[in-house]
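Structure at a glance
Residue-level listing of the chains:
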Amino acid sequence: RRDDVTETLNHLRTAGRRLQPLAALEIQRLMFCSRIDGFGRVAQFPTADFEPGQRILLYAGLRNFRSELTPEGTFRTEFAADIEFRRAEDDESIETIRLPQILDECDEERTDYYQSFELTAPALEGDYVVRITLRDMQGNQTATSELELSIH
């Protein structure tokens, strides 16, 4: 019985890895953090209230991306990101940060991934939205997510 379950589980995992890049790219988890120690190991910031110019860590968990096997036998994943600060009241963009290439190579094929970003809060007080757009460069997909924040 245990061998049958193991074999079934291996088939399901293989199917999941093959279907993953065909599904929509998702930003599964987006949050402000005071500390990021690794995948899923974060200290979430207790509020979305920040001081002008304060350092902000942003954590984004991703799934449904494509990884490609390299000639060296590793799996390569490639993303690009745009992070935009917008005023909440009029949706006007005040700053855009473009990261054209985020590379990851791993000995095993990833089924999930995280990326962290260090940002600086806007200098002027007010309510804002931080919008992140991540592009899977190999899977040719894009996902967008937003968080609200206040500067006091």
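The coordinates are above.
We now turn to the structure provided with this report.

1. So, the overall build of the chain
What the chain contains, in helices and strands, is one helix and ten strands. Ordering the α and β elements of the chain from the N terminus gives α-β-β-β-β-β-β-β-β-β-β. For the chain, the spread of C-alpha atoms along the three principal axes comes to 60 × 30 × 25 Å. When burial is assessed residue by residue, the chain has 39% of its 152 residues classed as buried. If you take every contact in the chain between residues at least 6 apart in sequence, the share linking residues at least 24 apart comes to 66%. Here the chain contributes 18 positively and 29 negatively charged side chains, and the mean placements of these two sets differ by 6 Å.

2. Some thoughts on the side chain of Glu78
The topology assignment puts Glu78 in strand β6 (residues 75-87). Of the residues examined, Glu78 reaches a relative accessible area of 15% and is grouped as buried. At 3.1 Å, the side chain of Glu78 forms a polar contact with the side chain of Gln101.

3. Quick look at the packing of aromatic side chains
Under the defined criterion, the tally for this structure stands at seven aromatic pairs. A ring pair is formed by Phe32 and Phe50, whose centres lie 5.1 Å apart and whose planes are at 75°; its orientation type is edge-to-face. On the criterion of sequence distance, the pair formed by Phe32 in strand β1 (residues 26-38) and Phe50 in strand β3 (residues 49-50) is long-range, its members being 18 residues apart. For Phe50, a relative accessible area of 3% gives the class buried. Both rings, one in Phe65 and one in Tyr113, keep their centres 6.2 Å apart while their planes meet at 70°; by these two values the pair is edge-to-face. With a gap of 48 residues between them, Phe65 in the loop between β4 (55-63) and β5 (68-69) and Tyr113 in strand β8 (residues 112-120) connect regions that are remote in the sequence. Judged on exposure class, the residue Phe65 and its partner Tyr113 are both buried. Every member of this aromatic cluster is reached through a ring pair, and the members are Phe32, Phe45 and Phe50.

What counts as what
Residues numbered from 1 in each chain as written. Predicted model: local features only at pLDDT ≥ 70, side-chain atom pairs only at ≥ 80, totals over all residues. Heavy atoms only, no water. Helix = DSSP H or I, 4+ residues; strand = E, 2+ residues; numbered from the N terminus. Buried < 20%, exposed > 50% of the residue type's maximum accessible area, 1.4 Å probe, protein only. Contact = heavy atoms within 4.5 Å. Lys, Arg positive; Asp, Glu negative; His and termini not counted. Charge placed at Lys NZ, Arg CZ, Asp CG, Glu CD. Polar contact = N/O pair within 3.5 Å; in protein donor to acceptor, adjacent residues only side chain to side chain. Phe/Tyr/Trp six-rings, centres within 6.5 Å; stacked < 30°, edge-to-face > 60°.

Nothing here speaks to function; it is all geometry.
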